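What follows is each chain in one-letter form.
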Amino acid sequence: MILVTGGLGYIGSHTIIELIKNNYEVLVVDNLSNSKREVIDKLKKITGKEIPLYISDLCDKKALRQIFQDNKIDSVIHFAGFKAVGESVEKPLMYYRNNIDSTLTLLEVMEEFNCFNMIFSSSATVYGSPKSLPIKEDFPLSTTNPYGSTKLFIEQILKDLYVSNNKFNITILRYFNPIGADESGLLGEDPRGIPNNLMPYIVKVATGELETLSIFGDDYDTCDGTGVRDYIHVTDLARGHVLSLKNQHGLRIYNLGTGHGTSVLELVNTFEKVNNVKINKKIAPRRAGDIAECFASCDKAFKELGFKAEKTIEDMCRDSYNYVKNNK
Ligand code: NAD
Ligand code: UDP
C-alpha cells in the first residue's frame, strides 16, 4: 500500500490517478489546510476506486502511528506541505514548523514501522540562481526564501537519514513548473485568493475574475524579454512518481521537467490561441527574487527512470482552462 501525504492537493491527487492506473493500492492523509474533502469523491469518479482517506495532520504523531498500525504501508509519497513563497516570507515559523515537523514526524514513524521507501516533493527552487542552463541535479544548491529553505533542509535531513540507515530508499524529485489539469476536467489547481503563479493568474483573467495580467518584466536577457520557465503538465509529473516508485534503490535525486523553456509571452499567446480567449495584460516591473530563465536537464530522469514529458504547452493551456471553466 502507498501512503500519499497531501493526496487531496493539486499534484498528489493527479498522482493518485496514475498510481491507480498502475494497480497500486493507495491511502491518503491530508489535513485539508489547502484542499477540499470533495477531491476524494472526484478521484472515485475518475478511477472507480474507493480510496481510504484520513483527515489528519502529519505533525500528530499519535494519529500517524495509528494509521501505520492499521495499514500495511510499503512506501510513502510525501506531498504534504505549505508551498506559497510570498506567505513563507511573511510567516517563516509557520512554514518551518509545518514542512519540517511533519516530515520529521513522518520519517520517525516510518522507521518505527519498518517502512523504508520514500519519495519526496522537492522543487527547482533549491537551485537558487543557476550558473548555467539547463540545470543538472549536481548543480550547487541555495535558496532565497523560507519555503525554498524548507525544501533544502528536508533534502539534507533525507540525505543524513540515508547515511544513518541505508535500508531506506529515498527519491527526491525536484519539480519545475507544474501546470495543467486532469483531462476529465474534474481535478485541477484552483488556489484560494489572488494567485501568485502565472497559470492560475492567466486562468482567472480568462474567466473574468481578475482584470489584467501583470507581466513581471520585459527586459530580461531572454528570447522576448519576459521570464522563461520549464512548464510541465501535472499528469506527466504524476507519471514521474510512478516511474520513481518502480525504480527505488538507495538515495536518488531527479529533476522533473520537460527540458524546454517557455516565456511568459509565449505561454499567454498559446493560452489565447488554444482557448480562443483574450487575456488583458500589461508590462509591470520585475518581481523581487525572480530569475530570468530556468529549465531542467532531464537526461538523468530519462536514463534512469525512462521518464520523458509528453504533453505540450497547448495541452497544458487547454486543460488548465477547462478545469476552471467546468468548476466555476
Ligand atoms: P497543495 O497545497 O495543492 O497540496 C499539498 C497538500 O498537503 C494539501 O492538500 C494540504 O491540505 C496538505 N497538507 C499541508 N500540510 C499538511 C500537514 N501538516 N498534514 C497533512 N496534510 C497537509 O500543493 P501541490 O501543488 O500539490 O504541491 C505538493 C508538493 O509539491 C508540496 O510539497 C510542494 O511544496 C511541492 N511543489 C509544488 C510545486 C508547484 O508548483 N505546485 C512546485 C515544486 C514543488
Ligand atoms: N509571472 C508574471 N505575472 C504573474 C505571475 C508570474 O509575469 O502574475 C512570471 C514570473 O515573473 C515568472 C513566470 O511568470 O517569470 C513564472 O512565475 P511563477 O510564479 O508561476 O513560477 P516561478 O517564478 O516560481 O518559477
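Worth saying up front: this structure is predicted, and the values here are computed from it rather than measured. (Residues numbered from 1 in each chain as written. Chains lettered and ligands numbered in written order. Predicted model: local features only at pLDDT ≥ 70, side-chain atom pairs only at ≥ 80, totals over all residues. Heavy atoms only, no water.)

Student: Which parts of the structure should I look at to understand unusual backbone geometry?
Tutor: What is expected of a backbone is that most residues other than glycine have negative phi and most peptide bonds are trans. Following Leu-133, the chain continues to Pro-134 via a peptide bond in cis, the omega torsion being -5 degrees. Secondary-structure assignment places Pro-134 in the loop between β5 (117-123) and α6 (146-164). In this structure, Asn-114 is a non-glycine residue whose phi angle is positive, near 55 degrees. With respect to the secondary-structure elements, Asn-114 resides in the loop between α5 (92-112) and β5. Since its relative accessible area comes to 56%, Asn-114 is described here as exposed. Positive phi is not limited to glycine here, since Asn-276 has a value of about 55 degrees. Note that Asn-276 resides in the loop between α9 (264-275) and β13 (281-284). (Helix = DSSP H or I, 4+ residues; strand = E, 2+ residues; numbered from the N terminus. Buried < 20%, exposed > 50% of the residue type's maximum accessible area, 1.4 Å probe, protein only.)

Student: For this particular structure, what's the right way to read the site of ligand 1?
Tutor: Around ligand 1, the surrounding shell holds 26 residues, and the nearest of these are Asp-30, Asn-34, Ser-35, Lys-83 and Tyr-147. One of the backbone nitrogen or oxygen atoms of Tyr-10 is found 2.9 Å away from an oxygen atom of ligand 1. Contacts to ligand 1 include Ser-35, whose side-chain N or O atom sits 2.7 Å from an oxygen atom. Bound to the protein, ligand 1 loses 95% of the 820 Å² it would expose on its own. Those elements that provide at least two residues to the shell around ligand 1 are α1 (10-21), β5 and α6. The leading source of residues in the shell around ligand 1 is β5, at 3 residues. Considered class by class, the residues forming the shell around ligand 1 number 10 nonpolar, 12 polar and 4 charged. (Near = heavy atom within 4 Å. Polar contact = N/O pair within 3.5 Å; in protein donor to acceptor, adjacent residues only side chain to side chain. Areas by Shrake-Rupley, 256 points an atom, 1.4 Å probe, with all protein chains shown as cover. Nonpolar A, V, L, I, M, F, W, Y, C, P; charged D, E, K, R; others polar.)

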